[in-house]
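Observations on the three-dimensional arrangement
What follows is each chain in one-letter form.
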Amino acid sequence: MSSGFPIAVSVLTGFLGAGKTTLLNRLLRDPALADTAVIINEFGEVAIDHLLVEQASDGIIQLSDGCLCCTVRGELVDTLADLVDRLQTGRIARLARVVIETTGLADPAPVLQSIMAHPALVHAFRLDGVITLVDAVNGNATLDAHVEAVKQVAVADRIVLTKADLATDPRDVEALRARLRQINPGAELLDAGDRRTDVAALFDCGLYNPATKSADVRRWLGEEAAHDHHGDHDHGDHDHDHRHDSRVRSYSLVHEGPVPFSAIEMFFDLLRSAHGERLLRMKGVIELLEDPSRPLVVHGVQKILHPPARLPSWPDGQRGTRLVLITLDMPEDYVRRLFAAVTSRPSIDTPDRAALENNPLAIAGR
Ligand SMILES: Nc1nc2c(ncn2[C@@H]2O[C@H](COP(=O)(O)OP(=O)(O)OP(=O)(O)O)[C@@H](O)[C@H]2O)c(=O)[nH]1
């Protein structure tokens, strides 16, 4: 794979009418998004209308053969593979970024999964981050009614509140902000009406940037680890029945001292085989016994684990293994016991790693 790879992929999601296209059109006027391909997944057609945009002196041009109709996931993969082919055959000179706008009803996890899982794409693309838009007027009701909307917020790296200008009561907007922070305390919460909500604020989320060999670990792990958050709290005086929120949980697992690669591998394998589809998102840094000075950055979506990357040094000087899990209906106790077992901190009635190696089913899946 030549230079220029892997290409950053950003996923833009948000419920029906949240303002995705409006924001995208605004962002695309920024020259910083030159050399960007936009893939739009329109609702209703179960199809992807993809519009390839290419840098030209006079702005954006649509490639003449750029429109295909196709089914969602397979064709998303085909579309991305086609982009790689165009680059390698010189039909596109440069491609710095891909933005995928999902349908409002989409559960973003399978979209992320199809990018991260495919062998042909895994080295060509890297997930930069998920940008989720939430409508300030309808957001609360949407989150109450649709678990997909809660998942969209839960997996976000950036949350953008739209239409705050249409809200009649600022207290409602504040309550919504509090709820969004509750569901996903690690994501930055931005306002669409704020001029600072620009390309720089929304892209390069820092999961892992091969160019700088860095990851914004402090932000996405530090905050989580500090709060060790659950999504099922009441919100003070706004005591709604947020039944979907409580199904989504975000919590961190911490282990001081290095762990062998085999233990981490076993943890992920058992977790994914027992509860893969409930693991919405996982990110973390790991201190490996085999190479403790270079942290291993891992991130995964459902059953898919992205190829781990190595950082040259510990970003905040703090060693140890820190994982953030965002889950839907997953028993936290099972995850904690499994983690304790593989990191060899046995607790009562919990087998240690040696026992697990002999019998991986020793910790029941549910
Ligand atoms: N007042 C106001 N209107 C907005 C804002 N953002 C979007 N809109 C309007 O909301 C409507 C829906 O916006 P779109 O950008 O089409 O929303 P979308 O999320 O792409 O919609 P779907 O693709 O159908 O899910 C349009 O009429 C926009 O002009 C905002 O911040 N303030």
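Residues numbered from 1 in each chain as written. Predicted model: local features only at pLDDT ≥ 70, side-chain atom pairs only at ≥ 80, totals over all residues.

**Regarding the overall build of the chain**
When you go through the chain residue by residue, the secondary structure sums to 11 helices and 15 strands. In the chain, which comprises 366 residues, the share counted as buried stands at 43%. Pairs at least 24 residues apart make up 74% of the contacts formed inside the chain by residues separated by at least 6 positions. (Helix = DSSP H or I, 4+ residues; strand = E, 2+ residues; numbered from the N terminus. Buried ≥ 20, exposed ≤ 12 C-beta atoms within 10 Å, placed from the backbone. Contact = placed C-beta atoms within 7 Å.)

**Considerations on helix α5 (residues 147–154)**
Within α5, six of the eight residues are buried, leaving the element largely enclosed by the surrounding structure. What α5 keeps buried is the set Ala149, Val150, Lys151, Gln152, Val153 and Ala154.

**Focus: the packing of helix α9 (residues 261–275) against helix α10 (residues 332–342)**
It is the contact of α9 with α10, at a shortest axis distance of 9 Å, that shows an interaxial angle of 155°. It follows that α9 is roughly antiparallel to α10 by the angle criterion. Here α9 and α10 pass one another in a crossing that is right-handed. Contacts between α9 and α10 involve Ala263, Met266, Phe267, Leu270 and Leu271 from the former and Val335, Leu338, Phe339 and Val342 from the latter. Its residues assigned to classes, the contact of α9 with α10 shows nine nonpolar, no polar and no charged. (Axes fitted to C-alpha atoms, helices over the stretch in contact; angles between N-to-C directions. Parallel < 35°, antiparallel > 145°, perpendicular 65-115°, else oblique. Left-handed = near helix turned anticlockwise from the far one by under 90°. Nonpolar A, V, L, I, M, F, W, Y, C, P; charged D, E, K, R; others polar.)

**Here we look at the pairing of strand β11 (residues 279–286)**
Along β11, eight of the eight residues are buried, which leaves the element largely enclosed by surrounding structure. Across five bridges, β11 lies against strand β12 (residues 296–301) in antiparallel orientation. Bridge pairing links Val285 to Val297 in β12. (Pairing = 2+ DSSP bridges.)

**Describing helix α1 (residues 20–28)**
Those residues of α1 that fall on the buried side of the exposure criterion are Lys20, Leu23 and Leu27. One face of α1 carries all of its buried residues, which in axial projection span an arc of 75°. The inward-facing, buried residues of α1 contact β1 (7–14), β6 (97–101), β7 (125–135), β8 (158–162) and α7 (199–202). (Arc of directions from axis to C-beta.)

**Digging into the pairing of β1**
For β1, the buried fraction is high: eight of the eight residues fall into the buried class. Here β1 shows no split at all, with Ile7, Val9, Val11 and Thr13 on one side and Ala8, Ser10, Leu12 and Gly14 on the other all buried. In the sheet, β1 pairs with β7 via eight bridges, with the strands oriented parallel. Residue pairing in the sheet places Leu12 in a bridge with Ile131 of β7. As paired strands, β1 and β6 are joined by five bridges and run parallel to one another. Bridging across to β6, Ser10 finds its partner in Val99.

**Let's talk about the nonpolar core**
Among the nonpolar cores identified, the biggest contains 81 residues, and Val9, Val98, Val153 and Leu325 are the most heavily contacted of them. With residues up to four places along the chain from it excluded, the contact list for Val98 reads Ile7, Val9, Ala37, Ile39, Leu80, Leu83 and Phe125. (Core = buried A, V, L, I, M, F, W, Y, C linked by C-beta atoms within 7 Å.)

**Digging into unusual backbone geometry**
Although it is not a glycine, Lys163 adopts a positive phi angle of roughly 60°. Locating Lys163 in the fold gives a position in the loop between β8 and α6 (170–183). The class for Lys163 is buried, based on 20 C-beta atoms found within 10 Å. Here Asp329, not a glycine, exhibits a phi torsion of approximately 55°, which is positive. Mapped onto the fold, Asp329 is located in the loop between β15 (321–328) and α10.

**Section: the environment of Pro170**
Inspection of the secondary structure puts Pro170 in helix α6. In the structure, Pro170 is positioned 90 residues away from Leu80 in sequence and 42 Å away in space, judged by C-alpha atoms.

**What to know about the confidence of the model for the chain**
Per-residue pLDDT for the chain averages 76, and the proportion of residues at 70 or more is 72%. By mean pLDDT, strand β5 (residues 59–62) is the weakest element of the chain at 28, and β8 is the strongest at 96. Below a pLDDT of 50 lies the segment residues 43–72, which in the model reaches 51 contacts outside its immediate sequence neighbourhood of four places, other chains included. Considering only residues more than four positions removed or in separate chains, one finds that residues 224–239, a stretch of pLDDT under 50, has 33 contacts. (pLDDT = per-residue confidence, 0-100.)

**What to know about the environment of His244**
Mapped onto the secondary structure, His244 falls in the loop between α8 (217–227) and β10 (248–255). His244 sits in the buried class, given 22 other C-beta atoms within 10 Å. Once the C-alpha coordinates of His244 and Asp35 are considered, the two residues, 209 residues apart in sequence, prove to be 39 Å apart. Discounting chain neighbours no more than four positions away, the residues touching His244 are Leu143, Asp144, Val147 and Val150.

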